Amino acid sequence: MTQASLSSRTVGDWLTALEAALEAPAIADWSALFAEQCFWRDLVAMTWSIETMEGRAAIADMVRTQQPTIAARNFRPDGPSLPMTDENQGWFTFETATARARGHVQLEGGKAKILLTAMLELIGHEEPGGARRPLGLEHKAAKGRTFWPDHRSEEEQTLGHTVQPYCLIVGGGQNGLQLAARFKRLDVPALVVDSLPRPGDCWRVRYKSLHLHDSIFMDHFPYLPFPDHWPLYTPAAKMGDWLEIYAKVMELNIWSSTTCTAAHYDEAAGEWAVTLVRDGREIIVRPKQFVLATGLSGAKNMPRIKGMERFQGTLCHSADHKAEGNMSGKKVVVIGANNSAHDICTDMWEADADVTMVQRSPTIIVRAETMRGFSTRLPYADPAIPTEFADLMLATTPARLQDEGDIGLTNTLKEIDADFYAALEKSGFMLSHGEDGTGFLAAYRRRASGYYIDVGGSELIINGSVKLAKGEIAEITGGGVLMESGDYLPADIIVCATGYRPMNEFVGKLISPEVERKVGRCWGLGSGAEGDPGPWAGELRNMWKPTAQEGLWFQGGNLMQSRFHSLHLALQIKARQAGLATPVYHARSLEELAEPAE
């Protein structure tokens, strides 16, 4: 095609050309289809993984490897009235040998710059919703019939005992429950185990002032959205109650007060042997698939500071903090300067304590009120756009290009809140906007820490209500904290708001150090920024997709990510249960992404 004809090519024309290339991928001219800088982001449909191919060569390699088995076909433009549809971009649907899928393409000069493909459902294993909902009762009389309470009771009594779960999920927070709900709809026998007594306790046990920082319209659960009177920012305890309701309504199989103590993969049998302790009794379950859904974090990250054992007051991690009893006049030192540290300082100040924050490194700050104005522009805030479609809209931007947008947002925030930032720096607070100016969104993707979404704590630092100590700690004495600067901070209570260990460390303790090294890091993109060492991965490492350890999966992230990607993880595992071909393609080798041996 000439350059002029390429430039006038519509989305429909491009899809026709793509389908023709897929019929003979070995000889296709990919330079006629894709721009010089191009990205194909795939959510399970083509790669049976979550991968982004960058550049024509990577795209060509993926297609040549996968298409003979995937058999992508029947590409059709979607509705012209859909958002993100114009002469240079549009949505489409297609099928593979096993699934129905949707995609979006953005053209530049008639060639694709960005292509998204995402699996929606497995053919022959569609979810029983809407017109496919079960009757629930046959309208006829028959002796010996069983009813819903009988079926539910039998499932609860047999799963994990006489009937093995196909998938075991460790973690009963939003990540584990949303994934379990997907499995329930897909008829995958799944068991959730959690160490706490009730679903939702992971939120209830936190400090009372904790609220979600995301607006509610981003946080809906699969199949059961929040009522429209729900507060814009959900209190932690209220979220805990919602998780318990969700588990009940979705009929999820949960063993509470159950601890997972060991796991081993039996290569010959193709299954796990997982040791659980429930009611003081050791039980071994043998699932084919094993999902760690304990959130982004592993164990509490307690710092090792000289003299900690000598402290005569109360010393705890932020996860264990509660402002209970008479705090008036109590001297409280909070070590840390990110979200939890600010929340706890605010909590203690409101309880009339004398509070000092110890800031050891710069922190990214964004104001919640300012971000609320931006959140109303997101597709989630538009009642005409279904949540599932809004998820896809946000998924169209590959990770490599997100930093550019984040720099623009950060610069805009610096202009809008210039007076706020100036006052914060004048107070002595060490302010950051990200080491490359990408702000808090990139910090979340890279290391899930390093920032605070200000809901009032910054003002307390600006006006001196919360005192600030900067630098490293020399030691902890019986009565307080001695800074390397020589400053002494008397303390009755020390709270270590120092975050959590990486979730992959849990693998080393639960399974083996060898498996932990083989799997490598969880989360992060390999950007090379602090806390996110390379190599570049292109997608969040090990999340919601096959890992280097057969049968081991990770489910984590915020509520939006948990909802969206729980579908992709559930479809991958359902396909394996159904015996479908699932040829996995990794854009980068798992060996390259593994942790180097010490």
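Check the entry above for the structure.
Residues numbered from 1 in each chain as written. Predicted model: local features only at pLDDT ≥ 70, side-chain atom pairs only at ≥ 80, totals over all residues. Heavy atoms only, no water.

(A) The arrangement of the overall build of the chain in detail. Helix and strand counts for the chain come out as 18 helices and 27 strands. Across its three principal axes, the chain shows a C-alpha extent of roughly 75 × 75 × 55 Å. Within the chain, the proportion of its 598 residues that are buried is 51%. Looking at the chain alone, contacts between residues at least 24 apart form 65% of all its contacts between residues at least 6 apart. For the chain, the accessible surface area stands at approximately 26200 Å², while carbon and sulfur atoms represent 51% of it. Of the side-chain charges in the chain, 59 are positive and 75 negative, and the distance between the mean point of each set is 3 Å. (Helix = DSSP H or I, 4+ residues; strand = E, 2+ residues; numbered from the N terminus. Buried < 20%, exposed > 50% of the residue type's maximum accessible area, 1.4 Å probe, protein only. Contact = heavy atoms within 4.5 Å. Areas by Shrake-Rupley, 256 points an atom, 1.4 Å probe, with all protein chains shown as cover. Lys, Arg positive; Asp, Glu negative; His and termini not counted. Charge placed at Lys NZ, Arg CZ, Asp CG, Glu CD.)

(B) Quick peek at the packing of aromatic side chains. The final tally for this structure, using the stated rule, is 19 aromatic pairs. Pairing Phe221 with Tyr246 gives two aromatic rings, centres 4.9 Å apart and planes at 70°, and the pair type is edge-to-face. Of the two residues, Phe221 sits in the loop between helix 6 (201-204) and helix 7 (236-249) while Tyr246 sits in helix 7, which places them 25 residues apart along the sequence. Comparing Phe221 with Tyr246, the two get one shared label, buried. (Phe/Tyr/Trp six-rings, centres within 6.5 Å; stacked < 30°, edge-to-face > 60°.)

(C) Region of the structure containing helix 13 (residues 439-447). Counting buried positions over the nine residues of helix 13 gives seven, a clear majority of the element. Among all positions in helix 13, only Gly439, Phe440, Ala442, Ala443, Tyr444, Arg445 and Arg446 are buried. Looking at the buried side of helix 13, the elements it contacts are strand 18 (363-367), helix 9 (368-375), helix 11 (399-416), strand 20 (451-454) and helix 17 (559-577). Just past helix 13, the residue Ala448 takes up positive phi, approximately 55°.

(D) Structural view of the sheet that holds strand 20. Strand order in this open sheet of three strands is 19-18-20, and the pairing throughout is parallel. Of all strands in the sheet, those bounded by a partner on one side alone are strand 19 (431-432) and strand 20. Note: strand 18 against strand 19, two bridges, orientation parallel. Residue pairing in the sheet places Ile364 in a bridge with Ser432 of strand 19. On the sheet, helix 8 (residues 339-350) packs against strand 18 and strand 20 and is oriented at approximately 45° with respect to strand 20. (Pairing = 2+ DSSP bridges. Axes fitted to C-alpha atoms, helices over the stretch in contact; angles between N-to-C directions.)

(E) Here's a closer look at the nonpolar core. Of all hydrophobic cores here, the largest spans 158 residues; its most connected members are Trp14, Trp30, Phe34, Phe290 and Leu552. With nine residues, the top contributor of residues to this core is helix 17. Aside from chain neighbours lying at most four places away, what touches Phe290 is Leu168, Val170, Cys260, Ala263, Trp272, Val274, Leu510, Ile511, Gly551, Leu552 and Trp553. (Core = buried A, V, L, I, M, F, W, Y, C linked by side-chain atoms within 4.5 Å.)

(F) Region of the structure containing unusual backbone geometry. The peptide bond linking Gly534 to Pro535 adopts the cis configuration, its omega dihedral lying at 10°. Within the element layout of this structure, Pro535 appears in the loop between helix 16 (513-519) and strand 27 (552-554). Despite not being glycine, Ala448 shows a phi value in the positive range, around 55°. Within the fold, Ala448 resides in the loop between helix 13 and strand 20. Overall, the relative accessible area of 29% leaves Ala448 in the partly exposed class. One non-glycine residue with positive phi stands out, namely Trp523, at about 75°. Looking at the element boundaries, Trp523 is found in the loop between helix 16 and strand 27.

(G) Geometry of the sheet that holds strand 8 (residues 190-193). Strand order across the open sheet formed by five strands is 9-8-7-13-27, with parallel pairing between neighbours. The sheet is open, and its two edges are formed by strand 9 (254-255) and strand 27, each paired on a single side. Of the strand pairs in this sheet, strand 7 (residues 167-170) and strand 8 are connected by four bridges, and their pairing is parallel. Paired with Ile169 across the two strands is Val192, which belongs to strand 8. Each of strand 7, strand 8, strand 9 and strand 13 (289-292) touches helix 5 (residues 174-186); the most contacted strand, strand 7, lies at about 160° to it.

(H) Broad picture of the environment of Ala381. Mapped onto the secondary structure, Ala381 falls in the loop between helix 9 and helix 10 (387-395). In this structure Ala381 comes out as partly exposed when scored by relative accessible area, which is 27%. Taking the C-alpha atoms as reference points, Ala381 and Trp536, separated by 155 residues in sequence, lie 33 Å from one another. If near-sequence neighbours (up to four positions away) are discounted, Ala381 is found in contact with Phe217, Ser375 and Thr376.

(I) Up close: the pairing of strand 5 (residues 99-108). The buried fraction of strand 5 amounts to seven of the 10 residues, a majority that puts the element mostly inside the structure. In terms of strand pairing, strand 4 (residues 89-95) meets strand 5 through seven bridges, oriented antiparallel. When the sheet's bridge partners are listed, Phe94 is paired in strand 5 with Ala101. Taken together, strand 4 and the strand that follows it, strand 5, pair antiparallel across an intervening segment of three residues. Of the strand pairs in this sheet, strand 5 and strand 6 (residues 111-122) are connected by 10 bridges, and their pairing is antiparallel. Directly across from Leu107, in strand 6, lies its bridge partner Ala112.

(J) Main features of helix 8. With 12 residues, helix 8 should reach 16 Å at 1.5 Å per residue; the first-to-last C-alpha distance of 17 Å fits that figure. In terms of burial, helix 8 is a largely internal element, nine of the 12 residues being buried. Buried within helix 8 are the following residues: Asn339, Ala341, His342, Asp343, Ile344, Cys345, Thr346, Asp347 and Met348. Here the buried face of helix 8 lies against strand 16 (331-335), strand 17 (354-359), strand 18, strand 20, helix 14 (457-462) and strand 25 (493-496). (Expected span 1.5 Å × (residues − 1).)

(K) Structural view of the side chain of Lys545. Residue position: Lys545 is located in the loop between helix 16 and strand 27. A relative accessible area of 8% means that Lys545 is categorised as buried.

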